[in-house]
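Fold and geometry: a report
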Amino acid sequence: MLKEAMFYEKLDEGKVQCNLCNHRCKISQGKTGICGVRENRDGTLYSLIYNTVSSEAVDPIEKKPLFHFNPGSKAYSLGTIGCNFRCKHCQNWTISQVKLDEALSVEITPEEAVSRALATGCRSIAWTYNEPTIWYEYTYDSAKLAKEAGLDTVYVTNGFITPEALRHISPYLDAFRVDIKAFTEDFYRKVASARLAPVLESAKLAKELGMHVEVVNLIIPTMNDSEDELRQLATWVYENLGADTPIHFTRFQPHYKMKDLPPTPVETLEAAHEIATEVGLKYVYLGNVFGHRYESTYCPSCGELLIGRGLFDVSEYNITPEHKCRNCGESINIFGEYGGL
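I will try to describe carefully the structure that is included in this document. Predicted model only: the values in this text are computed from it and were never measured. (Residues numbered from 1 in each chain as written. Predicted model: local features only at pLDDT ≥ 70, side-chain atom pairs only at ≥ 80, totals over all residues. Heavy atoms only, no water.)

1. Considerations on the overall build of the chain
When its secondary structure is counted, the chain shows eight helices and 19 strands. For 341 residues, the compact-globule formula gives about 20 Å, and the C-alpha radius of gyration of the chain, at 20 Å, lands near that figure. Along the longest, intermediate and shortest principal axes, the C-alpha atoms of the chain span 65 × 45 × 35 Å. Out of the 341 residues belonging to the chain, those deemed buried represent 55%. Considering only contacts in the chain between residues 6 or more positions apart, those separated by 24 or more positions represent 65%. For the chain, the exposed surface amounts to about 14,200 Å²; the carbon and sulfur share of it is 47%. If the 35 positive side-chain charges of the chain are averaged to one point and the 45 negative ones to another, these points end up 4 Å apart. (Helix = DSSP H or I, 4+ residues; strand = E, 2+ residues; numbered from the N terminus. Rg over C-alpha atoms; globule rule 2.2 N^0.38 Å. Buried < 20%, exposed > 50% of the residue type's maximum accessible area, 1.4 Å probe, protein only. Contact = heavy atoms within 4.5 Å. Areas by Shrake-Rupley, 256 points an atom, 1.4 Å probe, with all protein chains shown as cover. Lys, Arg positive; Asp, Glu negative; His and termini not counted. Charge placed at Lys NZ, Arg CZ, Asp CG, Glu CD.)

2. Re the pattern of salt bridges
Tallying each qualifying case throughout the model produces 13 salt bridges. As a salt-bridge pair, Asp-59 and Lys-63 come within 4.0 Å of each other at their nearest N and O atoms. The class of Lys-63 is partly exposed, set by a relative accessible area of 43%. On the accessibility criterion, Asp-59 (5% relative accessible area) is buried. Through salt bridges with shared partners, one network takes in Asp-59, Lys-63 and Lys-64. (Salt bridge = Lys/Arg side-chain N within 4 Å of Asp/Glu carboxyl O.)

3. As for the sheet that holds strand E17 (residues 297-298)
Taken in spatial order, the three strands of this open sheet run E17-E18-E19, and their pairing is antiparallel. Sheet topology places E17 and strand E19 (313-317) at the edges, where each strand pairs with a single neighbour. Pairing between E17 and strand E18 (residues 305-310): two bridges, direction antiparallel. Each residue of the ladder has a partner; that of Tyr-298, found in E18, is Leu-305. (Pairing = 2+ DSSP bridges.)

4. Side note on the side chain of Ser-77
Turning to its location among the elements, Ser-77 is positioned in strand E9 (residues 74-79). Looking at Ser-77, the relative accessible area reads 0%, which means it is buried. Of the polar contacts made by the side chain of Ser-77, one reaches the side chain of Asp-59; its length is 3.3 Å. What Ser-77 contacts, discounting residues up to four positions off in sequence, is Ser-55, Glu-56, Ala-57, Asp-59, Lys-64, Ala-126, Thr-128 and Tyr-129. (Polar contact = N/O pair within 3.5 Å; in protein donor to acceptor, adjacent residues only side chain to side chain.)

5. Focus: the packing of helix H7 (residues 227-240) against helix H8 (residues 266-279)
When two helices pack together, their arrangement is captured by the angle between the axes and the distance separating the axes. For the pair H7 and H8, the least separation of the axes is 9 Å and the interaxial angle reads 40°. It follows from the interaxial angle that H7 and H8 lie oblique. Both H7 and H8 take part in a crossing whose hand is right-handed. Between H7 and H8, the contacting residues are Glu-227, Leu-230, Arg-231, Ala-234, Thr-235 and Tyr-238 on the first element and Ala-272, Ile-275, Ala-276, Glu-278 and Val-279 on the second. Taken together, the residues of the contact of H7 with H8 break down into seven nonpolar, one polar and three charged. (Axes fitted to C-alpha atoms, helices over the stretch in contact; angles between N-to-C directions. Parallel < 35°, antiparallel > 145°, perpendicular 65-115°, else oblique. Left-handed = near helix turned anticlockwise from the far one by under 90°. Nonpolar A, V, L, I, M, F, W, Y, C, P; charged D, E, K, R; others polar.)

6. Examining unusual backbone geometry
Lys-64 connects to Pro-65 through a cis peptide bond whose omega is -15°. Phi is positive for Tyr-129, close to 75°, though the residue is something other than glycine. Note on Tyr-129: relative accessible area 24%, which makes it partly exposed. We note that Thr-222 has phi near 70°; this positive angle belongs to a residue other than glycine. Counting through the fold element by element, Thr-222 comes out in the loop between strand E14 (212-219) and H7. By relative accessible area, which is 63% here, Thr-222 ends up exposed.

7. A look at the environment of Arg-326
Topologically, Arg-326 is positioned in the segment after E19. A C-alpha to C-alpha distance of 35 Å links Arg-326 and Arg-116, two positions 210 residues apart in sequence. Filtering out sequence-adjacent residues up to four positions away, Arg-326 remains in contact with Tyr-317, Asn-318, Ile-319, Thr-320 and Pro-321. At 3.4 Å, the side chain of Arg-326 forms a polar contact with the backbone oxygen of Ile-319.

8. So, the packing of aromatic side chains
Two aromatic rings are characterised by how far apart their centres lie and by the angle between their planes. This structure, assessed with the given rule, holds 14 aromatic pairs. A centroid spacing of 5.2 Å and a plane angle of 75° characterise the contact between Phe-85 and Phe-160, whose relative ring orientation is edge-to-face. One end of the pair, Phe-85, is in the loop between E9 and helix H1 (93-96); the other, Phe-160, is in the loop between strand E12 (152-157) and helix H4 (163-169), with 75 residues separating them in the sequence. Owing to a relative accessible area of 1%, Phe-85 belongs among the buried residues under this scheme. Here Phe-160 falls in the buried class, since its relative accessible area comes to 0%. Ring geometry for Phe-85 versus Tyr-188: centroids 6.3 Å apart, planes at 90°, classification edge-to-face. Residue Phe-85 is found in the loop between E9 and H1, and its partner Tyr-188 is found in helix H5 (residues 185-192); the two are separated by 103 residues along the sequence. (Phe/Tyr/Trp six-rings, centres within 6.5 Å; stacked < 30°, edge-to-face > 60°.)

Following this line, the structure appears as structure tokens:
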């Protein structure tokens, strides 16, 4: 479905500038931006994917991964087509890196999405699987309806959204689960065709605007796995997002255009955990290593097991309704309520 885009300006000679993400594409007549789904038609910018859904599921919130956001609950999850990054290791390239006429999709209105989320007993709606920013008009309208219906809302994002677009949706967006893919501009340029600095700024702004923020860093052997880079990333999170910001170091598996690299050694992930803990981060997790003890949450004060996890399920929950450790009373950074039995 076509819908006139938000956040763009008209330029001379029929061109437009999209101000939704930090590419700020200048788009000629008949062309799209880098995302491939925002097109200039006679000097007006349109979203080509307003209610176009490629992926729909009811997921554990832990799968996003969000470990401190309504733990144990379900999220109604939607994805569309296209992306403003070109990550060579993309797990969902069959929807993010294809053209509109190459992917299977259905249309789901914002009203239908909210109705389905409620009918399936979900606590939240998550826009995920590909970059939600490029779907902004749809996610914005859906988020407003979701909040009216008592649902929480989630962006699983690469963080390349502009400050003005993030501020506009912020009253209706509860969680900002952001990938910080590396801590060098060189990696972003070569691997994702993007830039690091705007991602850091959006993460900071999301925190300032009152969203719950969790960070994911996929560690790729030889690409972003040096101890120095991991320490810089952990230090930045500590200094700019706070010691209680959850950070997930996740294991790379060969995929898409990076099949020549090996999986991340578990020892590398454990070294990242040690570094981030030394820096002062309280909630450091390892991902894609099912059964590892660092999938679970421990009290940063007394070390008691607070949330036991395995394969995206919560097996144990020892946090009070006031978000305190049941053993020592330490305040724990949790958004919302426990969604388990």
